[in-house]
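# Residue-level structure breakdown
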Amino acid sequence: MRQQKVTVMDMGKRRRSTRSGLTGRQLVVAQAAVVGSLVAALFVRELPGIMRELRIYRMTGGLRAGHRYP
């Protein structure tokens, strides 16, 4: 192993490690991509039911129906 001289000037400097892997930012971006794809898949899967509910809502009068329908 090679010893490195540490001077007073170098004490406050950070050394970069030689580890390879994900940085924190890359990890957050990867997690956001996974969560976004899961939300998109859930939305696409539930879209027919949402459309059906909207159609029923429009047939019953929507906001104009007032107290006619419980």
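Residues numbered from 1 in each chain as written. Predicted model: local features only at pLDDT ≥ 70, side-chain atom pairs only at ≥ 80, totals over all residues. Heavy atoms only, no water.

## Topic: the overall build of the protein chain
Which entries qualify depends on this criterion: Strands are runs of DSSP state E lasting at least two residues, helices are runs of H or I lasting at least four, and both sets are numbered from the N terminus onward. Only the protein chains shown count as covering a residue, and every accessible area follows the Shrake-Rupley method with a 1.4 Å probe.
A count of helical and extended segments in the protein chain gives one helix and zero strands. By element, 61% of the accessible surface of the protein chain is carried by carbon and sulfur atoms, the whole surface being about 7700 Å².

## Quick notes on a nonpolar patch on the surface
What counts here: In this scheme, patches are assembled from residues that exceed 30% relative accessible area and form no salt bridge. Like charges are connected within 9 Å, while nonpolar side chains (Val, Leu, Ile, Met, Phe, Trp, Tyr) are connected within 5 Å. By definition, a salt bridge exists where a carboxyl oxygen of Asp or Glu is found within 4 Å of a side-chain nitrogen of Lys or Arg.
A grouping of Phe43, Val44, Leu47, Ile50, Met51 and Leu54 is seen on the molecular surface, where their side chains present a nonpolar patch of about 550 Å² in accessible area. Position of Leu47 among the secondary structure elements: in helix α1 (residues 24-59).

## Topic: α1
Put simply, the test is: Given the number of residues in a helix, its expected span is that number minus one, multiplied by 1.5 Å. The angle between axes fitted to the seven-residue stretch ending at a residue and the seven-residue stretch beginning at it gives the bend at that residue.
Taking 1.5 Å of rise per residue, the 36 residues of α1 would be expected to cover 52 Å, and the 50 Å separating its terminal C-alpha atoms lies within 8% of that figure. Along α1, the helix axis deviates most sharply at Leu47, where the bend reaches about 50 degrees; the proline Pro48 sits within four residues downstream. Following α1 by one or two positions, Gly61 has its phi on the positive side, about 105 degrees.

Fair warning: the whole summary comes from geometry, so function is off the table for now.
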